[in-house]
Amino acid sequence: MNDNNYNNDTNTPNDLNNQNTYNSINNSNDNLEQTEVLETIQTSQSVPQNAQVKQNILGEQVVQQHIYEEEKPQFQEVQVQKQAARTDSYFDGGLLELIGWRILAGLITIITFGIGSSWGKCMLYNYQFKHTVYNGKRLKFEGTGGDLFVNRFKWIFLSIVTLGIYIFFIPVQKTKWVISNLHFEDESLVKGESFFDGKTSHLIGVNILCNILNAFSLGLLVSFTTCFKLKWINRHVVINKKKLVFTGKALNLFGKYLLWLFLTIITFGIYGWWLSIKVLKWNTKNTHIKVLGEQEVKDNSLAVAAVVGVIGFALFILVAPKAISLVTTGIDTSNGNSVCINPFTCIKRNDSIKSISTEDNYRRYDNTVDEVRSGY
């Protein structure tokens, strides 16, 4: 019994060796399984983020199947940058567009025998102000041809009733009507926010002064008078409660006039088609919205130009008669003595004097002969 127990409880050396071999085999299998699991984990960690991993467990082995989605190319989106808005003043109308509108307005006026001129004028106003920008704010004109037609009829009627006196008030009334129908494109038109507060008497005085200076200077002071008038007009213009300021310089405009005249001459008048556009561009460029606290710069160029014009006119009055006498007769009589300046004119004058004296002698001889005959 004891032997049996001993046989059951005690292992022989051979049994122990077999047992150790079995344990080592099991341990080696466990190590292999652990190694495969670790490799599986490492493999799953190395899979890209956009891959799908599917695991199937079959017995004690882990089988991994990687299903990769097709990688989509990645694009960089570029954000569109808005162009910075201009804050200066400019006129962006073109010559061909202006010519087209003028032709259309002229056709409407001709076809309607002048009745549709108000509608044609409003189309030109709409074109001009649609392309006018002050400090980045574009203008918009809301006037209609019907409204202008009614106002024109009223102005003509008042001129007839007042025997033509009301004609002097028409320019101011017309300017008031145009400005009252103007507003900035990004603001609404509110009655009373856009107006012209210039007085008729002041405008008449400005026009008379400018015309006199232009006449005295033979047109040389046109740039000075133009800038003076534009400053006065813009000083009294208010659009959407915003005042305008004109800062153009007369000498700058005078240089522009010379350049435009030169280009017109060398192009045989072709460049003259662009003059109206050039003038609009220059006027708009030198006009801006008055900012808070801005002080208007006083320009005394017109006063200087007026003095120069008056002096030039006085010299012209003094020199003109003498020059005219020299050109026509060739004799200078300023000192009381007849001095021959132009020999060709003097020769002709002497010949005429000689012929006159010869005729007088013949006439006197005939008279004497008649007297002698009558005595007998």
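Residues numbered from 1 in each chain as written. Predicted model: local features only at pLDDT ≥ 70, side-chain atom pairs only at ≥ 80, totals over all residues. Heavy atoms only, no water.

### A word on the overall build of the chain
Part 1: Each helix and strand counted, the chain has 12 helices and 12 strands in total.
Part 2: Counting over 376 residues, the chain shows a buried share of 24%.
Part 3: Within the chain, contacts between residues at least 6 apart in sequence are counted, and of these 61% link residues at least 24 apart.
Part 4: Only carbon and sulfur atoms are counted for the fraction: they give 60% of the accessible area of the chain, which is about 27100 Å². (Helix = DSSP H or I, 4+ residues; strand = E, 2+ residues; numbered from the N terminus. Buried < 20%, exposed > 50% of the residue type's maximum accessible area, 1.4 Å probe, protein only. Contact = heavy atoms within 4.5 Å. Areas by Shrake-Rupley, 256 points an atom, 1.4 Å probe, with all protein chains shown as cover.)

### Some words on the nonpolar core
Part 1: Counting residues in hydrophobic clusters, the biggest one holds 24 residues, and the most contacted among them are Phe129, Phe141, Trp177 and Ile239.
Part 2: Those elements that provide at least two residues to this core are helix H4 (117-130), strand S5 (137-141), helix H5 (145-161), helix H6 (170-180), strand S6 (182-184), helix H7 (200-216) and strand S8 (237-239).
Part 3: If one sorts the elements of this core by residue count, H6 sits on top with 4 residues.
Part 4: Setting aside residues up to four positions removed in sequence, Phe141 forms contacts with Cys122, Tyr125, Asn126, Phe129, Trp177, Val178, Asn181 and Leu182.
Part 5: With 11 residues, the next largest nonpolar core counts Leu221, Cys227, Phe246 and Trp260 among its residues. (Core = buried A, V, L, I, M, F, W, Y, C linked by side-chain atoms within 4.5 Å.)

### Observations concerning the pattern of salt bridges
Part 1: For the structure on display, the rule yields 5 salt bridges.
Part 2: In this structure, Glu187 and Lys137 form a salt bridge, with 3.1 Å as the shortest nitrogen-oxygen distance. Here the residue Glu187 occupies a position in the loop between S6 and strand S7 (195-196), and Lys137 occupies one in strand S5, the gap between them amounting to 50 residues.
Part 3: Looking at Glu187, the relative accessible area reads 24%, which means it is partly exposed.
Part 4: For Lys140, the salt bridge identified is with Glu142, shortest N-O distance 3.9 Å.
Part 5: Here Glu142 falls in the partly exposed class, since its relative accessible area comes to 34%. (Salt bridge = Lys/Arg side-chain N within 4 Å of Asp/Glu carboxyl O.)

### Details of the confidence of the model for the chain
Part 1: Per-residue confidence for the chain averages 76 on the pLDDT scale, and 60% of its residues sit at or above 70.
Part 2: Counted against residues more than four places away or in other chains, residues 41-68, with its pLDDT under 50, gives 30 contacts.
Part 3: Long-range and interchain partners of residues 347-358, a stretch whose pLDDT sits below 50, account for 1 contact in this model, where long-range means more than four residues apart. (pLDDT = per-residue confidence, 0-100.)

### Re the sheet that holds S5
Two strands in a sheet stick together by hydrogen bonds in their backbones, pointing the same way (parallel) or opposite ways (antiparallel).
Part 1: Strand order in the open sheet formed by 4 strands is S3-S4-S5-S6, with antiparallel pairing between adjacent strands. This sheet does not close on itself; its edge strands, each paired only once, are strand S3 (90-91) and S6.
Part 2: The pairing of S3 with strand S4 (residues 132-134) spans 2 bridges and is classified as antiparallel. Residue pairing in the sheet places Phe91 in a bridge with Thr132 of S4.
Part 3: Each of S3, S4, S5 and S6 touches H4; the most contacted strand, S5, lies at about 170 degrees to it. (Pairing = 2+ DSSP bridges. Axes fitted to C-alpha atoms, helices over the stretch in contact; angles between N-to-C directions.)

### What to know about the packing of aromatic side chains
Part 1: Counted according to the given criterion, the structure contains 11 aromatic pairs.
Part 2: Measuring from ring centre to ring centre gives 5.8 Å for Trp119 and Phe149, while their planes differ by 35 degrees; the resulting arrangement is tilted. Pair noted here: Trp119 is in helix H4 and Phe149 is in helix H5, with a separation of 30 residues, a long-range link.
Part 3: Of the residues examined, Trp119 reaches a relative accessible area of 39% and is grouped as partly exposed. (Phe/Tyr/Trp six-rings, centres within 6.5 Å; stacked < 30°, edge-to-face > 60°.)

### Some details on the pairing of strand S9 (residues 242-246)
Part 1: As paired strands, S8 and S9 are joined by 2 bridges and run antiparallel to one another. In the strand pairing of S9, Ile239 is matched with Lys242.
Part 2: Two successive antiparallel strands, S8 and S9, enclose a turn made up of 2 residues, where Asn240 displays a positive phi of approximately 50 degrees.
Part 3: Pairing analysis gives 3 bridges linking S9 to strand S10 (residues 287-289), with the strands arranged antiparallel.

### Quick look at a nonpolar patch on the surface
Part 1: Residues Leu259, Leu261, Phe262, Ile265 and Ile266 make up a contiguous nonpolar surface patch of roughly 500 Å² in combined accessible area.
Part 2: Considering the arrangement of structural elements, one finds Ile266 in helix H9 (residues 250-266). (Patch = residues over 30% accessible without salt bridge, like charges linked within 9 Å, V, L, I, M, F, W, Y side chains within 5 Å.)

### Some points on the sheet that holds S7
Part 1: Taken together, the 4 strands give an open sheet; going across it, the order is S7-S8-S9-S10, and neighbouring strands pair in antiparallel fashion. The open sheet has two free edges, formed respectively by S7 and S10, since each of these has just one partner strand.
Part 2: Strand direction decides the pairing type here: S7 and S8, joined by 2 bridges, are antiparallel. Among the inter-strand pairings, Phe196 is bridged to a residue of S8, identified as Val237.
Part 3: Seen against the sheet, helix H8 (residues 222-235) touches S7, S8, S9 and S10 and runs at an angle of roughly 170 degrees to S9.

### Here we look at the pairing of S5
Part 1: Where burial is concerned, the two faces of S5 differ: the one with Lys137, Leu139 and Phe141 is buried and the one with Arg138 and Lys140 is not.
Part 2: Between the antiparallel neighbours S4 and S5 lie 2 residues, among them Asn135 with a positive phi of about 55 degrees.
Part 3: Here S5 pairs with S6 via 3 bridges, running antiparallel. Each residue of the ladder has a partner; that of Phe141, found in S6, is Leu182.

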